[in-house]
Structure formats: structure tokens, C-alpha cells
Amino acid sequence: VQLVESGGGLVQSGGSLRLSCAASGRTFSPYGMGWFRQAPGKEREFVATITWSRGTTSYADSVKGRFTISRDNAKNTVYLQMNSLNPEDTAVYYCAARVGNADPGTTRSAYDYWGQGTQVTVSS
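Calculation criteria
Residues numbered from 1 in each chain as written. Predicted model: local features only at pLDDT ≥ 70, side-chain atom pairs only at ≥ 80, totals over all residues. Heavy atoms only, no water. Disulfide = S-S within 2.5 Å. Helix = DSSP H or I, 4+ residues; strand = E, 2+ residues; numbered from the N terminus. Buried < 20%, exposed > 50% of the residue type's maximum accessible area, 1.4 Å probe, protein only. Pairing = 2+ DSSP bridges. Axes fitted to C-alpha atoms, helices over the stretch in contact; angles between N-to-C directions. Contact = heavy atoms within 4.5 Å.

Details of the state of the cysteines
Scanning the model with the defined rule gives one disulfide in all. The partner cysteine of Cys-21 in its disulfide is Cys-95, sulfur to sulfur 1.9 Å. Of note, the bridge from Cys-21 to Cys-95 carries an S-S torsion of about 50 degrees and is right-handed in sense. With Cys-21 in strand E3 (residues 17–24) and Cys-95 in strand E9 (residues 91–99), the pair connects residues that are 74 residues apart, well separated along the chain. Each member of the pair, Cys-21 as well as Cys-95, is classed as buried.

Some thoughts on the sheet that holds E3
Pairing within the open sheet is antiparallel, and its four strands lie in the order E1-E3-E8-E7. The open sheet has two free edges, formed respectively by strand E1 (2–6) and strand E7 (67–72), since each of these has just one partner strand. Sheet twist, expressed as the mean angle between neighbouring strand axes with direction ignored, is 15 degrees. Looking at chain direction, E3 and strand E8 (residues 77–82) are connected through six bridges and run antiparallel.

Brief notes about the side chain of Ser-20
You can see Ser-20 is positioned in strand E3. Apart from residues lying up to four places away in sequence, Ser-20 is in contact with Val-4, Glu-5, Ser-6, Trp-35, Thr-77, Val-78 and Tyr-79.

Quick notes on the environment of Glu-43
Residue placement: Glu-43 occurs in the loop between strand E4 (31–38) and strand E5 (45–50). Given a relative accessible area of 59%, Glu-43 falls into the exposed group. Setting aside its immediate chain neighbours within four residues, Glu-43 contacts Arg-37, Gln-38 and Arg-108.

Have a look at this one:
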């Protein structure tokens, strides 16, 4: 499975961005999807997840109420709508896929596939 993120860029504080992650390859399998991010000098951290069938979502406390994860299984694409962005959201954002119907969880090592990342920069 190949994952390709897009939609990153430079935005002012308070602005919005929508990230997309398109999956190709072995996409007939069910996948739980997640978004993670990594700021310079920091560990890669969990942002949000969504399950395959029910679309159950979970979020990191730092983004809850501002970010929304969604997916379109027909298009093999997962999205991350980011509102009310602030400079602390500046990072490379990665999407990841875990095989199965279960909640993919917040642990990086549980995921089977990763995208190459897309840069999000929020200016103050």
C-alpha cells in the first residue's frame, strides 16, 4: 500500500488547512487510518485516527475540537480538516494505515504503512 499526503502549506495563525491522504495498491483490505505529526526536534506524535467500517474517530487532546478526521473509502482517501491553527501545530504531518477493522490506536509501531509526510507551517 502506498500513501501520499497532500494539502500542506503555509497558513497564518487562526487559519485552516485540509490535508488529504490517498492510498493506492492493495486497497481492498480494511484499514484503520491515522494522522501523526512531527515538529523539529520532537518525537512523532499521534493526532487522530478513524476506523474502517464505522468511521469511529479519536483525537489527541491538543487538537480536539479544532481538527476533524474523515474518510471516503470509495476514493481510498482520508482527510484531516484543521481549523484554528496555531504555531504549535507546525510540523510534518504523516498519514498511516493499519490493516484491520479495529481502532488502529495511537502507537506508531502498530501501523503497517506510512506516507512521506506533508509540511504544515503556521505563522504567528
